[in-house]
Amino acid sequence: MEAVGVRVEGVSKRYSHKVKGEVYAARDVTLDVRPGEFVTMLGPSGCGKTTTLRIIAGFETPDAGRVVIGGRDVTHDLANQRNIGFVFQNYALFPHLSIGENVAYGLRVRNVAAAEIERRVREVLALVGLAGYEHQFSNQLSGGEQQRVALARAIVIRPQVLLFDEPLSNLDAKLRVAMRQEIRDLQRRLAITTVYVTHDQEEAMAVSDRIAVMNQGSIVQEGSADDLYYRPASAFVAQFIGRVNLLPARVEAASGGGGEVTVLGHRLAVAALPAAARAGDTVRLVLRPEAIAVRPAQDAGTLPQGTVAGRMFLGEKVEYLVRCGEMALQVVSYDARPGDLLAEGAPVGVDFKGPDIPVLPEERP
Amino acid sequence: MKIAQRLAGKASRLLAILAVPLACLAAAFPAAAADTVNVYSIWPENWARPMFQEFEKATGIKVNFVRFSSGEALARVIAEKNNPRVDVLFGGPVETHAAGIKEGIFEPYKPPSFAKLPARFKHPDGQWVAIADDPLVFMTNAKFLKENNLQPPASWNDLLHPAYKNMLQMADARTSGTAVTRIFSVLEVNGRDEAKAFEYMRKLRPNIQLYTKSGGGGTLPVGLGQAGGGIFFIVDALDTKAKGYDVVISFPKEGIGTAAEAIALIKGAKNPELGRKLIDWASSPAMQNTLAKHKINFLPAHPDVAVEPGLAAVIKDAKIFPIDADYAGANRKRMVERWIAEVLNP
Amino acid sequence: MASVAPAAGPARGLAWARQDPALSATVLVLWLLLGLFVVFPLAMLTARVFWDGGHFSVAGIGAILTDRHQVQAFWNSLLLATLVGLLGTLVGFVFAFTVARGGLPRWVVTAIDGAVLLPLISPPFTTAIAMVFSFGPRGLITYELLGLKGVTVYGMTSTLFSEALTYFPIAYLALRPILAAIDSNIEGMAMSLGASRMRVFRTVTLPLCIPGLANSFLLLFAASLADFATPLILAGNAFPVLPTQAFLQITGMFDLRGGAVLSLVLLVPAVAVFVLQRYWVSQRFYVTVTGKGAGQQPFESVAPWVRWALVGACLAVTIVIVYLYALLLYASLVMAFGANHAFTLRHYGVIFTEGLKAIKDTLLIAGFSMPLGGLYGVLLGYLVVRKVFPGRRTMEVVSMVNYALPGTIVGIAYLIAFNDPPVELAGTALVIVACYVFRYGPTGIRTTIALLQQIDRSLEEASQSLGAASGTTFRRVTLPLILPAFFAGLGVVFIRSMTAISATIFLVSISWTLITVKILENMTELSLGPAAAFSVLVIVIVFVVIGAISWGLRFFRAPGSEPVTSLLGG
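The written sequence of each chain sets the order in which its residues are numbered from 1. Whichever chain is written first is A, and whichever ligand is written first is 1; the rest continue in order. At least 70 in pLDDT is required for a residue's local features to be given in this predicted model, at least 80 for side-chain atom pairs to be given and counted, and no such filter applies to totals for whole chains, interfaces and linings, which use all residues.

**Some thoughts on the overall build of chain A**
Okay, so step 1: Runs of H or I in DSSP of at least four residues are treated as helices and runs of E of at least two as strands, each being numbered from the N terminus. Of regular secondary structure, chain A possesses nine helices and 20 strands.
Okay, so step 2: Seen through its C-alpha atoms, chain A measures out along the principal axes to roughly 80 × 50 × 40 Å.
Okay, so step 3: Burial status across chain A gives 42% buried among its 365 residues. Residues with at least 20 neighbouring C-beta atoms inside 10 Å of their own are called buried, those with 12 or fewer are called exposed, and the rest are partly exposed, where every C-beta is derived from the backbone.

This is the structure we're talking about:
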């Protein structure tokens, strides 16, 4: 089947809430998913990602906006008229049907011939690694197995679009990592346009071609994982994706996009300043923990001075909490050699691995 | 437009699904067949049924009937006046029928026996004719009498004896013709002096344990000794005795009323011809000769039918007077209401 | 998002109807049926009361409100219902507590359940008549055993006793799951903090049960308020109650208007109870009853002597029940109870010859009511919980109306509404079937709603996402999952169709009669034997059918779905 694109256009959905009154679950959401692309909507709970997904699926009708799948406006079509595959957080396996019947369900609804059904069910169960499970019932399966059945059931109907709603959140950590890889591989192999919802940024980065970060009902930034990580458009995105130190800095000079700033009393060259930044403005530096290096005080020279306030040795890396005056910085060091560990209370110099440090304008509350 | 059509299609399909069982249900009861006459019987089933079986044997006409107490039956016929569901009202004290006349629910009919029946057994216009006669009696529990050193009550005033306190059961005038006949009996023995009659009934009230819904309702408790005694139709009393309960039947020396049991054709009946045939048969010796055979202790209304010897012996010395149907019919409603207000809920 | 409802966008309007014709057609049909069999009769009843010769009038109500006797009946009804509510809840609680905390062997619990079930599935009058024979002036107990004389059985005490005995199982069934669901760790915790057993009971167990107790009180209050059969036999003339008065007003004097007024007066407390239960009690449950037991072994929360006292009390009540039913069976097997105790089967002969039509009619009517009522309950419950359409809440409330109202009101309303054109149904089986479906189907609605709330909505969405339309989804996913509710609905409708009388006594006709009406008929005549035989027959039929349904339930039960603990719950 030819992969199709999905376009969500200016979709809004309001709810009346007993305490808060009218609230927007989704507010003017626009999202384009190219044919065969894997897009993840990422955000904290209540950000509207699930609502948007359910609107794409047809479980909810938007108050405004439209949904286009493969060039066809499906906004007022029911879910059963959209040819989608949906994988639920709780799997939603029919408890009264066997695994085989669960998977066959969508085919039966489509009046596929019995022999064909049997063949395709067998095929797809083999595909998800559950060959021979046809006659089991869902309550006899482990969480991971149930998740595979849910996946098999969704893809056996050869949907135009595959939708996932937090499919891994009920699994334990190890299984989660394994399953996300499987989902990614399967999607690649079948080349089905996929929209995925999760609140787990690592999961999102692992599976997606592109991630749309959502907050308070709106998409705040879209891009590939590294885009979002290295070039966050807002403090929210910076904080939501990975760990980050947001350091206030003063613009000293701005020229052709780049410029110089003062941070912690230290002058630093940056490659890109916000377009509107002028000398004297306050901006914020997005410093990932691994973009900061700490050196023993004696090697620090003119670097800003600080003190190690905490240390956690994690084997492959060492995490420090470094106090610089008012600020507490998270620092990760990967190249520590035995004997190089800094003790708590040790004075250190803080080094920033410039110059491509992202800079955000000061956000007014 | 298309949507409306689809909607209508779905709705009609759903209605059809629901309609099928209902249609089956409708089909399940045969529409009243041509050879079936529909009857409300005031006679209890165990007497009405053998009579109707005899009728079918004699004429080939089936009787579809349901039993109601007289008040209920009358009430139903009145309620169904615009669309009668039965052809004949069978049995019940004649005052019930008399009360129905002014409601205009009957079709006058004079069966062949009409001419032979005494005047008190027929309405002059044939609104109803009698099929039997049924005197009231006092019935007491023999063990109760013995324990309290009482003689069987031989006067209305005997029932006022304190030994009977809370021990009498008799019918409730709201639902039972027996009770109405009883009230008119009290009126008659008091010379239709309403004040005196109601005075007596009020005095009797403390001795009443229960006013029962139907006329015979108290017979079993009296038979069992739950109650000491009561006033019943003879047919109920003798039936109790026949069942083996140790009860005594007696009559008051002042006299006691008897009510003709009547039959009437319903106005607008769906099967008037069959109804007339049932009336012809019931008012003639053809039916009344079979009463004794079935141990139904009504006195026959037709003069050509002899009273069964056992029954005749019971009533030999009793003073029994008929209730005047016109007087009863004209005053029934008022008396019942007065009874409710002054006797039932003093 | 459980607590938020979609805001109705003005633009959507009829979108729901356009999108899903099957849904809108079903909703339309259900509204038509509810309109015809719930709203219309009540409207006609009200009209009969307030509409006098073409103009509005309160004279009818006024006449009743000023009649000392009827006012007395009203207060009597309330008094009786209150006492039955208190006594029945007490007995029910003792039973529930003993079963939940007494540590009784399994077979004892089964035996108690069996005995307690009897009053629930019996035709009316059974305990009443057994009371008369036991406690009357010549009662087996009062006279033969105790030698008392001049005792009168008619009055409030015996009516109260009989009703409490008949209805306490409702309290038992309502309270048992609550007590079972209280985590006994909470009690253990309180005890570990130094509280005595009695104190734990007083300060922990009892307070947790209070909403359940209130609920059970209201259920019993409503049941007693609606009961017309027991007072008809036992209340006598000194203690008139409203349902009986309304019945006599109509059947005795065919004063439809008077009956309508009386039943409308009865409406006031009935509605009050319904509102209290729905909007007050149901919001105050601390304990969630999921159908799963708390799981852990109940700890020794009861002192041994208390346990024996409780078991003794339950045993005593159980023995009384068994005794009353044994008496009934005995009465059906002797020539003439109280006079001739020779063994005979003739009463059964009588009911299978003369009473055959009533048996056939009843079975036919129950047979038709059962599937229709079950389907109605499941369908309406499903729509109300799972679908969004205008007037959803209203539909739920309207569907509960006939269930919440005393049968006398419903019967009288039907009689008034369907006696004359335009909808002339009086005398048909349809009117009786409709009465049962709309009066007892709501039990299925409630069970369906409760069950659906435990079934995640995503199951239906999964089906929809796989391409199934709403009808298919309902048929292939939802229906199999709510089959327990369907069977529970079937069971209740069948039991009630076999045993109810308060509404349908107004609806029997020349063409259709019912066993229960026959029992009343036989009871008010002299024929105790056939009455007892009919009662035994009804109990046997109900037991067989319930057994079959339970068996079917086990057979159909989907792996993983919740078992329905009781066919009569709710």
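After presenting the structure, the write-up continues.
**What about the domain arrangement of chain A?**
All names here are of chain A.
Okay, so step 1: Under the domain assignment used here, chain A contains domain 1 (6-239) and domain 2 (243-361).
Okay, so step 2: The contact rule is simple: place each C-beta atom from the backbone, and if two of them lie within 7 Å, those residues are in contact. Each partner contributes to the interface: domain 1 provides seven residues, whereas domain 2 provides six residues.
Okay, so step 3: Each residue gets one of three labels, nonpolar for Ala, Val, Leu, Ile, Met, Phe, Trp, Tyr, Cys and Pro, charged for Asp, Glu, Lys and Arg, and polar for the others, Gly among them. Here the side of domain 1 that touches domain 2 is composed, by residue class, of four nonpolar, two polar and one charged. What fixes the domain bounds is an automatic or database domain assignment.

**Some points on the sheet that holds strand 17 (residues 318-324) of chain A**
All names here are of chain A.
Okay, so step 1: Note on pairing: DSSP must find at least two bridges between two strands before they are called paired. The five strands are arranged 15-19-16-17-18 in an open sheet whose pairing can be described as antiparallel. Only two strands of the sheet have a single neighbouring strand rather than two, namely strand 15 (292-296) and strand 18 (327-333). The sheet shows a mean angle of 45° between the axes of neighbouring strands, direction not considered.
Okay, so step 2: Here strand 16 (residues 305-313) pairs with strand 19 (residues 347-352) via three bridges, running antiparallel. Opposite Gln305, over in strand 19, you have Gly349 as the bridge partner. Orientation is described by lines fitted to C-alpha atoms, with helices fitted over the stretch in contact, and by angles between N-to-C directions that extend from 0 to 180 degrees.

**A word on the environment of Leu246 of chain A**
Residues and elements named next belong to chain A.
Okay, so step 1: Note that Leu246 resides in strand 11 (residues 245-255).
Okay, so step 2: In this structure, the C-alpha to C-alpha distance between Leu246 and Leu329, residues 83 residues apart in sequence, is 8.9 Å.
Okay, so step 3: Once residues within four sequence positions are removed from consideration, Leu246 is found in contact with Ala235, Ala238, Arg284 and Val286.

**With respect to the sheet that holds strand 7 (residues 161-165) of chain A**
Residue and element names in this part refer to chain A.
Okay, so step 1: As summarised here, the arrangement of the six strands in space is 6-7-8-3-9-10, forming an open sheet in which the pairing is mixed. Each edge of the sheet is formed by a strand with only one pairing partner; in this case those strands are strand 6 (84-87) and strand 10 (218-223). Averaged over all neighbouring strand pairs, the angle between strand axes comes to 20°, with direction disregarded.
Okay, so step 2: Both strand 9 (residues 210-215) and strand 10 contribute to a ladder of five bridges, which runs antiparallel. Looking at strand 10, one finds that Met214 is bridged to Ile219.
Okay, so step 3: Packed on one face of the sheet, helix 4 (residues 143-155) meets strand 6 and strand 7 and runs near 170° to strand 6.

**A word on the nonpolar core**
If you look at soluble globular proteins, the nonpolar side chains tend to sit buried side by side.
Okay, so step 1: Throughout this description, the term nonpolar core refers to a group of buried Ala, Val, Leu, Ile, Met, Phe, Trp, Tyr and Cys residues whose C-beta atoms join them within 7 Å. In this structure, Val88 and Ile263 of chain B are the most contacted members of the largest nonpolar core, which totals 388 residues.
Okay, so step 2: When residues in this core are grouped by element, the largest group, 16 residues, is from helix 8 (residues 156-181) of chain C.
Okay, so step 3: If near-sequence neighbours (up to four positions away) are discounted, Ile263 of chain B is found in contact with Val88, Leu89, Phe90, Gly91, Trp128, Val129, Ile131, Ile279, Ala282 and Ser283 of chain B.

**Some details on the packing of helix 2 (residues 45-59) of chain B against helix 10 (residues 272-282) of chain B**
Residue and element names in this part refer to chain B.
Okay, so step 1: Relative to each other, helix 2 and helix 10 sit at 110°, their axes nearing to 11 Å. Accordingly, the angle class assigned to the pair helix 2 and helix 10 is roughly perpendicular. The segment helix 2 lies against helix 10, with Phe55, Ala58 and Thr59 engaging Lys277, Leu278 and Trp281.
Okay, so step 2: Of the residues belonging to the contact of helix 2 with helix 10, the class tally is four nonpolar, one polar and one charged. The labels follow the angle: roughly parallel below 35 degrees, roughly antiparallel above 145, roughly perpendicular from 65 to 115, and oblique for the rest.

**Some remarks on the domain arrangement of chain B**
Residues and elements named next belong to chain B.
Okay, so step 1: Split by domain assignment, chain B resolves into domain 1 (1-29), domain 2 (36-133 + 260-313) and domain 3 (135-257 + 328-344).
Okay, so step 2: The centre of domain 2, based on its C-alpha atoms, is set 25 Å off from the matching centre of domain 3.
Okay, so step 3: Each partner contributes residues to the interface: domain 2 has 16 residues there, and domain 3 has 17 residues.
Okay, so step 4: For the side of domain 2 that touches domain 3, the elements supplying multiple residues, two or more each, are helix 3 (70-79), strand 3 (88-93) and helix 4 (94-101).
Okay, so step 5: Among the elements that line the side of domain 2 that touches domain 3, the one with the most residues is helix 4, at five residues.
Okay, so step 6: When its residues are assigned to classes, the side of domain 2 that touches domain 3 shows seven nonpolar, six polar and three charged.

**With respect to the confidence of the model for chain B**
Residue and element names in this part refer to chain B.
Okay, so step 1: Along the chain, pLDDT gives the predictor's confidence residue by residue, from 0 to 100. Summarising the model, chain B shows a mean pLDDT of 84, and 90% of its residues fall at 70 or more.
Okay, so step 2: A low-confidence stretch, residues 27-32 (pLDDT under 50), is modelled with six contacts involving residues beyond four sequence positions or located in other chains.
Okay, so step 3: Scoring the predicted complex yields pTM 0.74 and, for the interface, ipTM 0.76.

**Points about helix 20 (residues 458-465) of chain C**
Okay, so step 1: Among the eight residues that make up helix 20 of chain C, seven are buried, leaving the element largely enclosed by the rest of the structure.
Okay, so step 2: Those residues of helix 20 of chain C that sit buried are Leu459, Glu460, Glu461, Ala462, Ser463, Gln464 and Ser465 of chain C.
Okay, so step 3: Contacts made by the buried residues of helix 20 of chain C are with helix 1 (49-57), strand 6 and helix 2 (99-109) of chain A together with helix 16 (356-386) and helix 21 (470-481) of chain C.

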